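Spelled out from the first residue to the last, the chains are:
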Amino acid sequence: MVPKVEGPQGPSTLLVEKALRKLSDTEIIKVKGGKGKVVTSLSELRYLLSLQSKGPGGPQGALLTDGSWNRFYIEGVDGVLYRVDASWGGGRWSLDADDLGSYGLPVGRGLVSRN
């Protein structure tokens, strides 16, 4: 595991939307307007998960809690952009991180981006 330290952040506005068609990661970044429009921080991911720490039974946040992925794009300490998928199931959040690839985001999954 590579440590990542993030400094203080100001307020941010994130948008969570369902994918209407399957797109690869590179297509998503292009459609949304570039890397700056899709990159989120680990702090923002953690905050959104904390808003729904009890999943569908707790306070309602914007993330999908029906077992679908919520796709985040997070920059690593190496400057490389990674995709991080968060999904609710079995009473907890599961996270999966991977390199960008052609598999993309299926229809109906959540996409987190900057407004």
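This structure is a prediction, so every number in the text was calculated from the model and none was measured.

Engineer: Looking at this structure, I do not really get the overall build of the chain. What am I missing?
Structural biologist: Counting secondary structure elements, the chain contains three helices and six strands. Tracing the chain from N to C terminus, the helices and strands come up as β-α-α-β-α-β-β-β-β. For the chain, the proportion of its 115 residues judged to be buried stands at 37%. Expressed as a percentage of contacts within the chain between residues at least 6 apart in sequence, the contacts between residues at least 24 apart total 65%. Here the chain has roughly 6,800 Å² of accessible surface; of this, 55% comes from carbon and sulfur atoms.

Engineer: Whenever I open this one, helix α3 (residues 42-51) confuses me. Can you help?
Structural biologist: Along an α-helix, a turn takes 3.6 residues, which lines up residues three or four apart on a common side. Residues of α3 that are buried: Glu44, Leu45, Leu48 and Leu49. For α3, the buried positions fall inside an angular range of 135° around the axis, keeping them on one side. Exposed and oriented more than 90 degrees from the buried face of α3 are Arg46 and Tyr47. Summarising the contacts, the buried residues of α3 are in contact with β1 (14-18), β2 (39-40), β3 (70-75), β4 (81-89), β5 (92-99) and β6 (110-114).

Engineer: Looking at this structure, how should I read the environment of Leu42?
Structural biologist: Looking at the element boundaries, Leu42 is found in helix α3. For Leu42, a relative accessible area of 37% puts it in the partly exposed group.

Engineer: Would you take a moment to explain the packing of aromatic side chains for this structure?
Structural biologist: The relation between two aromatic rings is expressed through the spacing of the ring centres and the mutual angle of the planes. Scanning the entire structure with this criterion turns up one aromatic pair. Seen from their ring centres, Trp88 and Trp93 are 5.5 Å apart, and the 75° between their planes marks the pair as edge-to-face. When its relative accessible area of 12% is taken as the criterion, Trp88 is described as buried. According to the relative accessible area criterion, Trp93 is buried, its value standing at 15%. Sitting over the ring of Trp69, Arg109 keeps its end group 5.3 Å from the ring centre.

Engineer: Looking at this structure, how should I read the nonpolar core?
Structural biologist: Side chains that are nonpolar tend, in soluble globular proteins, to be buried together. By size, the foremost hydrophobic cluster in this structure holds eleven residues: Leu45, Leu48, Leu49, Leu63, Phe72, Ile74, Val84, Ala86, Trp88, Trp93 and Val112. For this core, the secondary structure elements donating two or more residues are α3, β3 and β4. Not counting residues up to four positions away in its chain, the partners in contact with Phe72 are Thr40, Leu45, Leu48, Leu63, Tyr82, Arg83, Val84, Ala86 and Val112. Leu23, Ile28, Val38 and Tyr73 belong to the second largest nonpolar core, which has nine residues in total.

Engineer: Looking at this structure, I do not really get the environment of Leu100. What am I missing?
Structural biologist: Residue placement: Leu100 occurs in the loop between β5 and β6. For the pair Leu100 and Ser24, spaced 76 residues apart in the sequence, the C-alpha separation amounts to 8.5 Å. With sequence-adjacent residues up to four places away left out, Leu100 is seen in contact with Asp25, Ile29, Tyr73, Leu81, Tyr82 and Arg83.

Engineer: Which parts of the structure should I look at to understand the side chain of Ser68?
Structural biologist: Looking at where Ser68 falls in the secondary structure, it is placed in the loop between α3 and β3. Ser68 gets classed as buried once you look at its relative accessible area, which sits at 9%. Among the polar contacts listed, one links the side chain of Ser68 to the side chain of Asp66, at a separation of 2.8 Å. Discounting chain neighbours no more than four positions away, the residues touching Ser68 are Ala86, Ser87, Gly108 and Arg109.

Definitions and cut-offs
- Residues numbered from 1 in each chain as written.
- Predicted model: local features only at pLDDT ≥ 70, side-chain atom pairs only at ≥ 80, totals over all residues.
- Heavy atoms only, no water.
- Helix = DSSP H or I, 4+ residues; strand = E, 2+ residues; numbered from the N terminus.
- Buried < 20%, exposed > 50% of the residue type's maximum accessible area, 1.4 Å probe, protein only.
- Contact = heavy atoms within 4.5 Å.
- Areas by Shrake-Rupley, 256 points an atom, 1.4 Å probe, with all protein chains shown as cover.
- Arc of directions from axis to C-beta.
- Phe/Tyr/Trp six-rings, centres within 6.5 Å; stacked < 30°, edge-to-face > 60°.
- Lys NZ or Arg CZ within 6 Å of the ring centre and 35° of its normal.
- Core = buried A, V, L, I, M, F, W, Y, C linked by side-chain atoms within 4.5 Å.
- Polar contact = N/O pair within 3.5 Å; in protein donor to acceptor, adjacent residues only side chain to side chain.

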